[in-house]
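The chain contents come next:
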Amino acid sequence: MTVEKLKEAVRKILPEVDVVIGYRQGFDPLHATPFFMTKPEQVDQLIWNPLCVQNLCSYLPFLKGKVGVIVKGCDSRAIVQYMQEKLIARENVKVIGVPCLRVISVKKVMAAINQQSVQEVTFEGENILVKTPEGQKTIPLADVAPRKCATCQLATPLQYDLLAGDAIQSNRPQDTFEETKEFEKLPLKERRAYWEKEFDRCIRCYACRNVCPMCICQDKCIAESRDPHWTSQRANVTEKSMFHMIHGLHLAGRCISCEECERVCPMDIPVAKIKKKISMDLKELFNYEAGMNPDDTPPLYTFKIEEATIKEHEL
Amino acid sequence: MAETGFLPKEKLPALLDALSKKFQVFAPVLEGDVVLFKRFASGVELCLTRPANLPPKGIIFPQSETLFNVNFKKDPEDLKKTSVELKENLDFAPTIIFGSRPCDAQGFRIYDRVYLETDIADPYYKGRREKTTIVTLTCNTPSPGCFCTSVGRGPAESDGSDLMMTELDKGYFFEPITEKGKEILKEGGFEDGSAYKEQAQKAHEKVSALVKKPFATLEGTPEKLLSLFDNNQFWEGETAKCISCGACTYLCPTCYCFNITDEQVGNTGERIRSWDACMFSHFTLEASSHNPRQNKHQRLKNRVGHKFSYYPKKYKGVIACCGCGRCIRYCPVSVDISEIVAHAQGA
């Protein structure tokens with residue numbers, strides 16, 4: 001799909017809504033930034049390429065009026081989950097779907113180019129070409145894609161009112177949670193040491209929470225409430241871990257695996273691993289994946305006397 | 001003693017080892033892909049190739065610190081009587097921040113005006129600040145998003161540092177700024193640096209020219225921002241993508257706001273001071289439940305306004321932004337404070 005097709009779609013939707021959320025170039029050639037378009041002339045600045053990483057759906061529950069939004073396949077699970085939880089009025093959202101096979105991880109690119117300033121970025125076939133003061137580097141997109149792209153099942157969004165381009169299929173393998181299973185084989189002591197080291201870096205900026213499409217409490221988060229005073233303001237690893245466990249558990253059966261939490265962490269803590277473990281458990285316990293079908297009820301939002309996939313103790 | 005020093009690269013670990021015997025030394029090290037200031041110990045490999053993800057501000061202004069401990073004591077003779085014992089700890093260890101960047105060190109100058117140069121100095125900040133020597137490494141290349149030369153600073157600016165060091169081909173050129181800095185140069189291993197001064201200056205000029213210039217001047221900007229204070233449309237437009245997290249604030253070498261919390265279990269407890277961020281809704285939440293900054297555009301407006309208008313208005317025109325670029329580089333949605341200022345100038 002070309003950016004021209006996307007611009008055409010946005011121009012078509014714009015008169016029907018108050019704002020369309022898309023992407024424009026950010027502060028350097030490696031960063032895209034969310035772009036709120038209200039006037040037709042702004043559409044010229046719209047971009048579409050693998051740098052367009054942010055899940056723009058996260059803004060929807062906080063916006064009033066009619067909103068148009070550019071949505072990738074993975075992001076579209078947020079729309080479905082919002083519909084399940086009645087967090088958006090679907091008729092007020094115009095979803096512009098974009099077929100997508102792969103985005104890039106800015107962090108992985110930065111690691112590949114020695115954290116240099118980026119002067120120019122171009123895409124050629126399956127490669128990203130990055131120019132820095134040290135020279136130009138050609139990196140295969142697959143090497144710098146976020147983890148989620150390796151098991152992408154949704155090259156075309158689940159929900160859209162208008163699809164910019166043709167629907168495509170992903171031929172990637174399904175996520176079998178191998179990494180999580182391998183990690184679980186480690187002795188408890190080692191896993192604990194791993195997380196203590198990782199969480200120790202947390203500065204409690206709550207970027208992971210605020211970017212999360214399903215973290216809708218935000219200003220009323222129990223991580224910060226004083227009454228009741230669940231977590232203290234001490235900067236120790238116990239308090240930091242506590243917050244991340246709360247974040248993870250509140251997403252059980254709701255996390256749509258967009259991995260935005262991990263993408264935004266300024267301290268590079270692999271927080272999506274926790275959510276992945278919980279998603280794996282939900283799959284095993286309830287044979288459930290969040291954000292796939294608007295008519296589903298998240299398993300922890302409901303109660304069954306007998307769960308088909310959970311073997312109870314013999315009574 | 002020579003006025004400046006030169007230290008061959010291979011002698012740097014020995015210098016840090018020697019300093020570690022007298023000071024607690026914090027230096028940037030690599031943890032995964034993240035550069036952090038950590039307590040230096042013999043054998044630790046430093047990462048001096050780029051600024052730390054988190055500036056060293058926490059070494060003087062900790063993310064969370066105990067102001068004092070509280071102990072409630074019941075009178076065994078009369079259980080209705082309780083006395084309170086308060087214990088504060090103002091004993092701080094001599095410290096060196098090694099390998100700070102010029103922007104990081106200038107951050108402390110922003111704090112000094114608020115915490116030291118007032119009628120009542122903050123004893124915790126003062127205690128740590130006075131005991132800390134800051135050794136700053138000049139930048140040899142700009143980092144993504146940084147713009148120090150546009151806010152009246154530069155990649156070799158010495159304000160706030162005690163000792164400046166510049167990386168040259170075979171070693172580091174050292175130039176003391178304060179008496180504390182001169183003390184460090186008395187350590188063994190330094191050669192006379194005078195032969196390298198010119199080379200270092202040339203390196204500084206070369207980098208300065210490469211730094212991004214998002215705006216030509218800040219003259220009139222504090223007044224312009226004030227005049228835009230009630231222009232909600234402007235601020236809503238500029239901040240629409242902000243997710244109102246605290247990454248920009250906590251990574252900022254000049255953000256100094258804090259929160260106070262009493263943590264008590266049973267009869268003992270402590271009063272804690274921890275970083276706070278004007279990006280959070282509860283930052284301005286009042287006891288009445290009224291919140292004067294209920295919307296995120298009001299909050300980000302405050303962040304921009306504080307740095308580029310209110311602080312300079314209060315402190316003789318000093319801009320409370322060192323242009324380190326961290327808030328831009330690490331923002332989840334690439335909000336660019338320099339772009340907002342440029343837009344405000346043109347609004």
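Observations concerning the overall build of chain A
Now for step 1: The helix and strand inventory of chain A stands at 10 helices and 8 strands.
Now for step 2: Taken over the C-alpha atoms alone, chain A extends approximately 65 × 50 × 45 Å along its principal axes.
Now for step 3: Considering chain A as a whole, with its 315 residues, one finds that 54% of them fall into the buried category.
Now for step 4: Partitioning the contacts of chain A with sequence separation of at least 6, the portion at a separation of at least 24 is 67%.
Now for step 5: Within the structure as shown, chain A displays about 15200 Å² of accessible surface, and the carbon and sulfur contribution to it stands at 53%.
Now for step 6: For chain A, the centre of its 43 positive side-chain charges and the centre of its 43 negative side-chain charges are spaced 3 Å apart.

A word on the overall build of chain B
Now for step 1: When you go through chain B residue by residue, the secondary structure sums to 12 helices and 12 strands.
Now for step 2: Taken over the C-alpha trace, chain B has a radius of gyration of 22 Å; the compact-globule value for 347 residues is 20 Å, and the two agree within 12%.
Now for step 3: In terms of overall dimensions, chain B has C-alpha extents of about 70 × 65 × 40 Å along its principal axes.
Now for step 4: By residue count, 56% of the 347 residues in chain B fall in the buried class.
Now for step 5: The long-range share in chain B, meaning contacts at least 24 apart out of those at least 6 apart in sequence, stands at 70%.
Now for step 6: Just so you have it, chain B exposes about 15500 Å², and 51% of that area is on carbon and sulfur atoms.
Now for step 7: Averaging the coordinates of the 45 positive side-chain charges in chain B and doing the same for the 44 negative ones gives two points 2 Å apart.

Description of the domain arrangement of chain A
Residue and element names in this part refer to chain A.
Now for step 1: Along its sequence, chain A is organised into domain 1 (1–103 + 146–173), domain 2 (113–144) and domain 3 (175–315).
Now for step 2: Each of domain 1 and domain 2 was reduced to a C-alpha centroid, and the two centroids are 25 Å apart.
Now for step 3: At the junction of the two partners, domain 1 supplies 8 residues and domain 2 supplies 10 residues.
Now for step 4: A combined buried area of about 700 Å² lies between domain 1 and domain 2, and 72% of that area is made up of carbon and sulfur atoms.
Now for step 5: Linking domain 1 with domain 2 are 1 salt bridge, by the criterion used here.

Considerations on the nonpolar core
Now for step 1: Judged by nonpolar contacts, the single largest core of 152 residues is most densely connected at Leu-30, Leu-60, Ile-70, Ile-96, Ile-104 and Ile-128 of chain A together with Phe-308 of chain B.
Now for step 2: Element by element, the count of residues in this core is highest for helix α3 (residues 102–115) of chain B, at 6 residues.

Structural notes on the sheet that holds strand β7 (residues 132–137) of chain B
Residue and element names in this part refer to chain B.
Now for step 1: Read across the open sheet, the 8 strands follow the order β3-β2-β6-β7-β8-β9-β1-β10; overall the sheet is mixed. Where the open sheet ends on each side, the last strands, each with one partner, are β3 (34–39) and β10 (191–192).
Now for step 2: Note that strand β1 (residues 5–8) and β10 share 2 bridges and pair antiparallel. Across the sheet, Gly-5 pairs through a bridge with Asp-192, a residue of β10.
Now for step 3: Contacts from α3 reach β6 (95–100), β7 and β8 (163–167), with the element oriented near 145 degrees to β7.
Now for step 4: Against the sheet, helix α4 (residues 123–131) engages β6 and β7, with an angle of about 60 degrees to β7.

Observations concerning the sheet that holds strand β1 (residues 19–25) of chain A
All names here are of chain A.
Now for step 1: Reading across from one edge, β2-β1-β3-β4-β8 is the order of the 5 strands in this open sheet, with mixed pairing throughout. With one partner strand each, in any of the chains shown, β2 (32–37) and β8 (162–163) form the two edges of the open sheet.
Now for step 2: Pairing of strand β3 (residues 67–71) with strand β4 (residues 93–97), which is carried by 5 bridges, proceeds in the parallel orientation. From the neighbouring strand, Val-67 faces β4, where its bridge partner is Val-93.
Now for step 3: Contacting β1, β3 and β4, helix α2 (residues 73–84) crosses the sheet at an angle of about 140 degrees to β3.

Concerning the pairing of strand β11 (residues 258–265) of chain B
All names here are of chain B.
Now for step 1: The pairing of β11 with strand β12 (residues 268–275) spans 8 bridges and is antiparallel. Each residue of the ladder has a partner; that of Gln-264, found in β12, is Gly-269.
Now for step 2: The antiparallel pairing of β11 with β12 creates a hairpin that spans 2 residues between the two strands, and Gly-266 there sits at a positive phi of about 60 degrees.

Topic: the environment of Gly-189 of chain B
Residues and elements named next belong to chain B.
Now for step 1: By the secondary structure assignment, Gly-189 is in the loop between α5 (179–185) and β10.
Now for step 2: On the basis of relative accessible area, Gly-189 is assigned to the partly exposed category, the value being 32%.
Now for step 3: Measuring from C-alpha to C-alpha, the distance between Gly-189 and Phe-6 comes to 8.6 Å, with 183 residues separating the pair along the chain.
Now for step 4: Setting aside residues up to four positions removed in sequence, Gly-189 forms contacts with Phe-6, Leu-7, Pro-8 and Lys-11.

What to know about the interface of chain B and chain A
Now for step 1: Contact with chain B, which involves 45 residues of that partner, is made by 42 residues of chain A.
Now for step 2: Summing both partners gives a buried area of about 3500 Å² for chain B against chain A, and 54% of it is carried by carbon and sulfur.
Now for step 3: The interface formed by chain B and chain A contains 3 salt bridges.
Now for step 4: Put simply, Glu-31 of chain B and Arg-201 of chain A hold a salt bridge, and the shortest N to O gap is 2.8 Å.
Now for step 5: Where chain B packs against chain A, one counts 18 residue pairs in polar contact (both at pLDDT 80 or more).
Now for step 6: Secondary structure elements with two or more residues in the side of chain B that touches chain A: β3, α9 (247–250), β11, β12, α10 (296–314) and α11 (326–329) of chain B.
Now for step 7: Here the side of chain B that touches chain A is composed, by residue class, of 19 nonpolar, 13 polar and 13 charged.

A short note on the packing of aromatic side chains
Geometry of an aromatic ring pair is reported as the spacing of the ring centres plus the angle between the planes.
Residues and elements named next belong to chain A.
Now for step 1: The tally for this structure, following the rule as stated, stands at 24 aromatic pairs over all chains.
Now for step 2: When the ring of Phe-183 is compared with that of Trp-195, the centres are 6.3 Å apart and the planes differ by 75 degrees; the resulting orientation is edge-to-face. Highlighted residues: Phe-183 in helix α5 (residues 178–184) and Trp-195 in helix α6 (residues 188–200), separated in sequence by 12 residues. Judged on exposure class, the residue Phe-183 and its partner Trp-195 are both buried.

Details of helix α8 (residues 232–239) of chain B
Residue and element names in this part refer to chain B.
Now for step 1: Among the residues of α8, those classed as buried are Phe-234, Trp-235, Glu-238 and Thr-239. Projection of α8 onto a plane perpendicular to its axis shows the buried side chains occupying an angular sector of 110 degrees, all on one side. Exposed side of α8, more than 90 degrees from the buried face: Gln-233 and Gly-237 are the residues found there.
Now for step 2: Here the buried face of α8 lies against α7 (221–227), α10 and α12 (337–346).

Comments concerning the state of the cysteines
Now for step 1: All chains considered together, the criterion is met by 0 disulfides over all chains.
Now for step 2: The thiol of Cys-152 of chain A is unpaired, and the distance to the nearest cysteine sulfur, on Cys-149 of chain A, comes to 6.5 Å.
Now for step 3: On the basis of relative accessible area, Cys-152 of chain A is assigned to the buried category, the value being 13%.
Now for step 4: Cys-257 of chain B carries a free sulfur, and the closest cysteine sulfur to it, the one in Cys-278 of chain B, is 6.2 Å from it.
Now for step 5: Cys-257 of chain B sits in the partly exposed class, given a relative accessible area of 28%.

Quick word on the pattern of salt bridges
Residues and elements named next belong to chain B.
Now for step 1: By the definition in use, this model includes 42 salt bridges over all chains.
Now for step 2: Linking Glu-65 and Arg-128 is a salt bridge whose minimum nitrogen-to-oxygen distance equals 2.7 Å. Here Glu-65 is found in strand β4 (residues 64–74), whereas its partner Arg-128 is found in helix α4, with 63 residues between them in sequence.
Now for step 3: Residue classification places Glu-65 among the buried positions, given a relative accessible area of 6%.
Now for step 4: In this structure Arg-128 comes out as buried when scored by relative accessible area, which is 15%.
Now for step 5: One salt bridge connects Asp-104 with Arg-326, and the closest N-O pair in it is separated by 2.9 Å.

Criteria and cut-off values
- Residues numbered from 1 in each chain as written.
- Chains lettered and ligands numbered in written order.
- Predicted model: local features only at pLDDT ≥ 70, side-chain atom pairs only at ≥ 80, totals over all residues.
- Heavy atoms only, no water.
- Helix = DSSP H or I, 4+ residues; strand = E, 2+ residues; numbered from the N terminus.
- Buried < 20%, exposed > 50% of the residue type's maximum accessible area, 1.4 Å probe, protein only.
- Contact = heavy atoms within 4.5 Å.
- Areas by Shrake-Rupley, 256 points an atom, 1.4 Å probe, with all protein chains shown as cover.
- Lys, Arg positive; Asp, Glu negative; His and termini not counted.
- Charge placed at Lys NZ, Arg CZ, Asp CG, Glu CD.
- Rg over C-alpha atoms; globule rule 2.2 N^0.38 Å.
- Domains from an automatic or database assignment.
- Buried area = accessible area lost by both parts, 1.4 Å probe.
- Salt bridge = Lys/Arg side-chain N within 4 Å of Asp/Glu carboxyl O.
- Core = buried A, V, L, I, M, F, W, Y, C linked by side-chain atoms within 4.5 Å.
- Pairing = 2+ DSSP bridges.
- Axes fitted to C-alpha atoms, helices over the stretch in contact; angles between N-to-C directions.
- Polar contact = N/O pair within 3.5 Å; in protein donor to acceptor, adjacent residues only side chain to side chain.
- Nonpolar A, V, L, I, M, F, W, Y, C, P; charged D, E, K, R; others polar.
- Phe/Tyr/Trp six-rings, centres within 6.5 Å; stacked < 30°, edge-to-face > 60°.
- Arc of directions from axis to C-beta.
- Disulfide = S-S within 2.5 Å.

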